[in-house]
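What the coordinates show
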Amino acid sequence: MKRIASTLLALALCLGLTVPAAAADFPDVPADHYARAAIADCAGKGIVSGYDDGTFKPGNPVTNAQFAVMLSRAFFPRSVYGPEENRPWYWMNLAVLHELGILQNTNMSDPSAWEGLAGKPISRYNMAQMLANILALSGVTVSDEAKIAATGKLTDYITIVTTAHAPYGDAVATVCALGVITGYADGTFSGTVTMNRAQGCVVINRLTKVLEAAASQPEAPADPEPVPEEPADPEPAPEAPAAPTLANGQEITEENVRSIILALKSEYPEGRAWTNANTYSPSPYFIAAGCAGFAWICSDAAFGDLPVSDTHSDFSRIKAGDMIRMNNDTHSVVALEVSGDSVTVTEGNFNSSIHWGRVISRQELERGSFTVETRYPA
């Protein structure tokens, strides 16, 4: 639960720290456009982009695939590591959402239907369901009273819950109660109406604020301790906290980390097939695919629940077990040993397989730029 909470908080903080692009970059998004701020925010975070002619085309429909890509970029950016071979451009984004349950109860819940539905505009029903699934995954709940109050304002809600659209009823109530999607001026939700690019940015912007607010809420205080009838004996001085250890309880040393990771060779031998189809979930909010998935398998085997303590690009600070993102952020490896100006690594999806013992020079790392994530305690 500690890792889940910290991931949600980190998500909110990362979303809040990104500097949005100016809406004036899009000549068809004037200063008085209702979605100007949301479009600028999403464009600045790389969630959406404009067309080759510099326009945004806010009124263009947003398709099922496009909205899935927007959601994965907005809320699960570290889970998608590039297109899957021989698959459409959106496939890995949909795969991430499918794995997390975000597509559950939508028309995209079955992967066999993706290619047929990917290019069709997304309906308000399906958008509401995806957003409600993200809220549920994030632990955000809405009271029945709030849902009743919100749906009481929808003139077509009774029709929704008494027809074939009934499975969307709770999702509609949830997003309306939180103000993520609202009804039309005539009081209807109109769930079969399709959404456009501007509206997609608006709802993602609203959902971001809801998640940020949830992450900033303090935990409920514990019940006060009952007052003892007689004076209690003085509490003993608290013991010093135990020093952190590796996942197997050993002392945190490079030798022990290396030993744990090398022990994985029996399960992940040299040449074992490993592509972007192979995934691993370090937490419920993070799916890593291909090389990144194998890197996290090695890292978690050694460090367990220890968090990432630092991110840097200093070759001289690399230690055994550090995860290195290299080649302009396209490939992940795990350091096994640093010797002089080279590092020996293990990696997944290297020629579509597991590989142990490749030696990478410092020059090669720096030529393609690299980032190191370490979990050694600061």
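Quick summary incoming for the structure in this document. These numbers come from a predicted model, not from an experiment.

The next point concerns the overall build of the protein chain. Along the backbone of the protein chain there are 13 helices and eight strands. Looking at the protein chain as a whole, 46% of its 378 residues qualify as buried. Long-range contacts, defined here as pairs at least 24 residues apart, represent 69% of the contacts in the protein chain between residues at least 6 apart. On the protein chain, roughly 19100 Å² of surface is accessible, and the fraction owed to carbon and sulfur atoms is 53%.

Let us now look at the packing of aromatic side chains. According to the stated counting rule, one finds 10 aromatic pairs in the structure shown. Measuring from ring centre to ring centre gives 4.8 Å for W91 and W114, while their planes differ by 65°; the resulting arrangement is edge-to-face. Here W114 lies in helix α5 (residues 114–117) and W91 lies in helix α4 (residues 91–100), a separation of 23 residues in the sequence. Classification of W91 by relative accessible area gives buried; the value is 9%. Geometrically, the ring pair formed by Y125 and Y168 is stacked, given 4.9 Å between the ring centres and 15° between the ring planes. Of the two residues, Y125 is situated in helix α6 (residues 124–137) and Y168 in the loop between α8 (157–161) and α9 (169–177); the sequence distance between them amounts to 43 residues. Of the two residues, Y125 and Y168, both sit in the buried class. Linked through ring pairs, Y268, W274, F294 and W356 together constitute an aromatic cluster. Over the aromatic face of Y51 sits the side chain of K57, whose NZ or CZ is 4.7 Å from the ring centroid. Against the face of F189 rests R124, its NZ or CZ located 4.5 Å from the ring centre.

On to α6, then. With 14 residues, α6 should cover 20 Å at 1.5 Å per step; its first-to-last C-alpha distance of 20 Å lies within 8% of that length. Of all 14 residues in α6, 12 are buried, a share of seventy percent or more. Residues of α6 that are buried: R124, Y125, N126, M127, A128, Q129, M130, L131, A132, N133, I134 and L135. On its buried side, α6 packs onto α3 (64–75), α8, α9 and α10 (197–216).

Counted under the stated rule, the structure contains nine salt bridges. Linking D41 and K45 is a salt bridge whose minimum nitrogen-to-oxygen distance equals 3.0 Å. Each member of the pair, D41 as well as K45, carries the same accessibility label: buried. Close ionic contact of D310 with R317 constitutes a salt bridge, the shortest N to O distance being 2.3 Å. Classification of D310 as partly exposed rests on a relative accessible area of 26%. Owing to a relative accessible area of 40%, R317 belongs among the partly exposed residues under this scheme.

With that settled, the discussion passes to the sheet that holds strand β8 (residues 371–374). A sheet is described by the order of its strands in space; here six strands give the open sequence β3-β8-β4-β5-β6-β7, paired in antiparallel fashion. One side of each edge strand has no neighbouring strand; the edge strands of this open sheet are β3 (310–312) and β7 (355–361). Pairs of neighbouring strands in the sheet enclose a mean axial angle of 35°, with direction left out of account. Summarising the sheet, strand β6 (residues 342–347) and β7 pair through six bridges and their orientation is antiparallel. Within the sheet, the bridge partner assigned to V345 lies in β7 and is R358. Contacts from helix α11 (residues 254–262) reach β5 (331–339), β6 and β7 within the one sheet, and its direction differs from that of β5 by about 130°. Running at roughly 45° to β5, helix α12 (residues 290–303) makes contact with β4 (323–326), β5, β6, β7 and β8 of the sheet.

What counts, and where the lines are drawn
- Residues numbered from 1 in each chain as written.
- Predicted model: local features only at pLDDT ≥ 70, side-chain atom pairs only at ≥ 80, totals over all residues.
- Heavy atoms only, no water.
- Helix = DSSP H or I, 4+ residues; strand = E, 2+ residues; numbered from the N terminus.
- Buried < 20%, exposed > 50% of the residue type's maximum accessible area, 1.4 Å probe, protein only.
- Contact = heavy atoms within 4.5 Å.
- Areas by Shrake-Rupley, 256 points an atom, 1.4 Å probe, with all protein chains shown as cover.
- Phe/Tyr/Trp six-rings, centres within 6.5 Å; stacked < 30°, edge-to-face > 60°.
- Lys NZ or Arg CZ within 6 Å of the ring centre and 35° of its normal.
- Expected span 1.5 Å × (residues − 1).
- Salt bridge = Lys/Arg side-chain N within 4 Å of Asp/Glu carboxyl O.
- Pairing = 2+ DSSP bridges.
- Axes fitted to C-alpha atoms, helices over the stretch in contact; angles between N-to-C directions.

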